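Take a look at the letters that make up each chain.
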Amino acid sequence: MCMPHGSGGSKSNAFIKEVSQDQFKKGDPNFVDERISLHEPKIKKSFFSVLLD
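First things first, this report covers the structure right here in the doc. These figures come from a predicted structure and were not determined experimentally.

Before going further, it helps to spend a moment on the overall build of the protein. For the protein, the count of helices and strands is two helices and zero strands. By residue count, 0% of the 53 residues in the protein fall in the buried class. Here the protein displays about 6600 Å² of accessible surface, and carbon together with sulfur accounts for 59% of that area.

So, about the packing of aromatic side chains. How two aromatic rings sit relative to each other is given by the distance of their centres and the angle of their planes. Within the structure shown, the criterion is met by one aromatic pair. Considering the side-chain rings of phenylalanine 47 and phenylalanine 48, the 5.5 Å spacing of their centres and the 70° angle between planes classify their relative orientation as edge-to-face. Exposure class is identical for phenylalanine 47 and phenylalanine 48. Each is exposed.

Together, Phe47, Phe48, Leu51 and Leu52 make up a nonpolar patch on the protein surface, roughly 540 Å² of accessible area in all. Locating phenylalanine 47 in the fold gives a position in helix H2 (residues 47-52). For phenylalanine 47, a relative accessible area of 60% puts it in the exposed group.

The next thing to look at is the pattern of salt bridges. Evaluation of the coordinates by the stated rule reveals two salt bridges. Its salt-bridge partner being lysine 26, residue aspartate 22 comes within 3.9 Å of it at the nearest N-O pair. Taken as a pair, aspartate 22 and lysine 26 lie in helix H1 (residues 21-26) at a separation of four residues, close to a single helical turn. Look at lysine 26 and you get exposed, because its relative accessible area is 68%. Between aspartate 33 and arginine 35 there is a salt bridge whose closest N-O contact spans 2.9 Å. On the basis of relative accessibility, which here comes to 43%, the residue aspartate 33 falls in the partly exposed class. We classify arginine 35 as exposed; its relative accessible area is 70%.

Reading guide: rules and limits
- Residues numbered from 1 in each chain as written.
- Predicted model: local features only at pLDDT ≥ 70, side-chain atom pairs only at ≥ 80, totals over all residues.
- Heavy atoms only, no water.
- Helix = DSSP H or I, 4+ residues; strand = E, 2+ residues; numbered from the N terminus.
- Buried < 20%, exposed > 50% of the residue type's maximum accessible area, 1.4 Å probe, protein only.
- Areas by Shrake-Rupley, 256 points an atom, 1.4 Å probe, with all protein chains shown as cover.
- Phe/Tyr/Trp six-rings, centres within 6.5 Å; stacked < 30°, edge-to-face > 60°.
- Patch = residues over 30% accessible without salt bridge, like charges linked within 9 Å, V, L, I, M, F, W, Y side chains within 5 Å.
- Salt bridge = Lys/Arg side-chain N within 4 Å of Asp/Glu carboxyl O.

Given below as C-alpha cells:
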C-alpha cells in the first residue's frame, strides 16, 4: 500500500531530558536491577553421590 508524500506526519514534540556526561558514564545511583535470571548452572554430581541419595 502506498502513502502520499505529505502524509508522513509531523515531528514529535516529546520532551527529551539530557544528562551530563559524568552521570552518563557513572550511571544512575538509584537504579535497581529488577531483571530475573532464569538460567541456573547445573551442578554436576558424581555417579556415586546420585546413587547414594
